[in-house]
Amino acid sequence: MTDSTLSGASPRQPLVLRFPAILIFMACLALFTVGVTILSEGFGIGVISTSFVKTLGKTLCLCLVALAMDLVWGYCGILSLGHMAFFGLGGYAIGMWLMYERTRLIVVESMSAEVLPPTPEQISDGIANQIFGVVGASEFPPIWAVAHSLPLQLAAVVLVPGLLALVFGWFAFRSRVTGVYLSILTQAMTLALALYLFQNDSGLRGNNGLSGLQNLPGLGNVPQSVVSVWFLWASALALGLGYWLATWVVSGKFGSVLRGIRDDEARVRFLGYPVEAYKLFVFTLSAVIAGIAGALYYPQAGIINPAELAPIASIYLAVWVAIGGRGRLYGAVIGAAFVSLLSTWFTGGQAPDIVLGNWRIQWVDWWTVLLGVSFVAVTLFAPKGIGGLFDLLADRLSPDRHGADLGPDQGALREQEADK
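Chemist: Explain the pattern of salt bridges residue by residue, including any values.
Modeler: Scanning the model with the defined rule gives 7 salt bridges in all. Glu 276 is paired through a salt bridge with Arg 176; the nearest N and O atoms lie 3.6 Å apart. With Glu 276 in helix 12 (residues 275-301) and Arg 176 in the loop between helix 7 (150-174) and helix 8 (179-197), this pair connects stretches of sequence that are 100 residues apart. Take Glu 276: its relative accessible area is 24%, and that puts it in the partly exposed class. Its salt-bridge partner being Asp 263, residue Arg 262 comes within 3.0 Å of it at the nearest N-O pair. What makes Arg 262 partly exposed here is its relative accessible area of 30%. The exposure class assigned to Asp 263 is exposed, which follows from its relative accessible area of 58%.

What follows is the structure, encoded as C-alpha cells:
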C-alpha cells in the first residue's frame, strides 16, 4: 500500500496535494527568509547582525545535509557515518574557484603597475605562488586544472561527491555489507579522506585549507551585510528544493520499497526487488545533496580545512537527525536547526556559567557532554525525537472515531468500526 493510498489521495494528484506538509514547510521557510531579510543589516532595519545572518544561512545548509542523512538513514536504514565527507568535498570544489579567482584578481592588480604587461604564464605562476607558498610549493597540482572555470567547479560540486558515493556504494552494497559493518566502512572512508587532505602534497594546502572564501570575486565593493543575505536566500532555496525532492523520493511505491529495505531487507530481496540498486541510488543522491549543502555553507563560513571532514562531524550529523526524529524529513530539519543554534549559543559564550560551590560549569567546555547526554536520553525515552511531538499533537487534534456514539446501540456500531 502506497503513502498516497494511506492518506486517501490519488497517486495521480500533484505531490503538494498528496502531502500538504510540503506547503506548510515551504510557507514556514518563506516566512523565515522574509523575516530575516527585513531584520537584516543589508536589506532591512538592522536588528539582526551580519554575523548572525551568516549563522542562520549556515544553519539552513546544515538542515539540508541533515535532510540528506535522514533520506539514507531514516528511510533506507543505512547509518552512514561519512556524509560530512561529501559535505566537505562540495565545499572544497567551490572553494577552489573562489580562492583561485580572488587570488587572480589580486595578482593581476599588483602586476598592472609594471612597464611590460604580464604574460599568462607569469600570472599563473603568481597565482600559484600566492596560494601554495604556505606549503612550500609554487606550481598548481593537477586537481586545480579547471579551478579557473566556475561552471566546471560547480559541476564538480555535484560530480565529485556523487562519483565517490557511487563507487563506494557499488562495492559495499554489491558485497552486501550491512548494519554496523557498513557504518564502520563509511567512517573509515571519511577518516582516510581527512588524513589524506591533511598532507601538504594533497594539492589542497594541507591543514591550512582554503581561506578567504567569503570574499566573492568581482564583488569587493558589495558589503558583507548584503552578501550574507544573498547566501541566506540561496540556502533557503536549496533547502526548499531539497525537501521537495526528498518528499518525492520517499513517496509512492519507491518510498514503500525503501521502508521495506529498512525494516526487512531480506524479505524485499526475496520479493524480487533490486535492493542494491535502490540503496545505491539513495546513497548517491544523498551524497549529491550533501555536496550542494557544503558548497553553500563554506563561502558563508569563510574557510574550510580537513578537520571539517573528521569522522566526529558525521557522528554529530547522525545525532542531529536522531534528536529531530529520523524517518521524518521535517524532523531532520528541526533537529539540525535546534542543535546548531543551541550549539552557537552555548559555545559562543552567551550561556551563563553555572556555579556549584567550588565547581563552575562553563558551557563552552561542557556543550559536547550535554549533546551526548541528550542523544542518549532521546534514544532511550523519546525514540521519535522532537518530530514525535507533532505526532502527539496530530493524534489529539484528530477525532476519536471509536469513542463516539454512532447509533442507538452504543456497543455494536462502535465495535463494528473497530473491526474495520
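Chemist: Account for the state of the cysteines, with residues named and values stated.
Modeler: Summed over all chains, the structure comprises 0 disulfides. Unpaired in this structure, Cys 61 has its nearest cysteine sulfur neighbour in Cys 63, at a distance of 9.0 Å. Given a relative accessible area of 1%, Cys 61 falls into the buried group. The exposure class assigned to Cys 63 is buried, which follows from its relative accessible area of 2%.

Chemist: Explain the side chain of Gln 300 to me, and be specific about the residues and the numbers.
Modeler: Within the fold, Gln 300 resides in helix 12. Residue Gln 300 is classed as buried on the basis of its relative accessible area of 5%. Among the polar contacts listed, one links the side chain of Gln 300 to the side chain of Ser 235, at a separation of 3.2 Å. Apart from the residues lying within four places of it in its own chain, the contact partners of Gln 300 are Lys 54, Gly 57, Lys 58, Cys 61, Phe 231, Leu 232 and Ser 235.

Chemist: Help me get a handle on the environment of Leu 164, residues and values and all.
Modeler: Structurally, Leu 164 is set in helix 7. Taking the C-alpha atoms as reference points, Leu 164 and Val 288, separated by 124 residues in sequence, lie 9.9 Å from one another. Setting aside residues no more than four positions away along its own chain, Leu 164 makes contact with Phe 86, Leu 89 and Met 189.

Chemist: Quick one: what's the story with the confidence of the model for the protein chain, residue by residue and with numbers?
Modeler: Looking at the protein chain, the pLDDT average stands at 86 and 89% of residues meet or exceed 70. When mean pLDDT is taken per element in the protein chain, helix 12 scores highest with 96 and helix 1 (residues 3-6) scores lowest with 42. Confidence drops under pLDDT 50 across residues 1-8; counting only partners more than four residues distant or on other chains, this segment forms 16 contacts.

Chemist: So what's going on with the packing of helix 3 (residues 21-39) against helix 9 (residues 224-250)? Which residues, and what values?
Modeler: It is the contact of helix 3 with helix 9, at a shortest axis distance of 10 Å, that shows an interaxial angle of 175°. Judged by the inter-axis angle, helix 3 sits roughly antiparallel to helix 9. Where helix 3 approaches helix 9, its residues Ile 22, Phe 25, Met 26, Leu 29, Phe 32, Thr 33, Val 36 and Thr 37 are matched on the opposing element by Val 229, Leu 232, Trp 233, Ala 236, Leu 239, Gly 240, Tyr 243, Trp 244 and Thr 247. Taken together, the residues that form the contact of helix 3 with helix 9 break down as 13 nonpolar, 4 polar and no charged.

Chemist: Before we move on, can you summarise the packing of helix 7 against helix 8 with the specific residues and values?
Modeler: Contact pair helix 7 / helix 8: the axes reach a minimum separation of 12 Å and the direction vectors enclose 145°. Two packed elements cross with a definite hand, and for helix 7 against helix 8 that hand is right-handed. For the pair helix 7 and helix 8, contact is made by Leu 164, Phe 168, Ala 172 and Phe 173 and by Leu 182, Leu 185, Thr 186 and Met 189, respectively.

What counts, and where the lines are drawn
Residues numbered from 1 in each chain as written. Predicted model: local features only at pLDDT ≥ 70, side-chain atom pairs only at ≥ 80, totals over all residues. Heavy atoms only, no water. Salt bridge = Lys/Arg side-chain N within 4 Å of Asp/Glu carboxyl O. Helix = DSSP H or I, 4+ residues; strand = E, 2+ residues; numbered from the N terminus. Buried < 20%, exposed > 50% of the residue type's maximum accessible area, 1.4 Å probe, protein only. Disulfide = S-S within 2.5 Å. Polar contact = N/O pair within 3.5 Å; in protein donor to acceptor, adjacent residues only side chain to side chain. Contact = heavy atoms within 4.5 Å. pLDDT = per-residue confidence, 0-100. Axes fitted to C-alpha atoms, helices over the stretch in contact; angles between N-to-C directions. Parallel < 35°, antiparallel > 145°, perpendicular 65-115°, else oblique. Nonpolar A, V, L, I, M, F, W, Y, C, P; charged D, E, K, R; others polar. Left-handed = near helix turned anticlockwise from the far one by under 90°.

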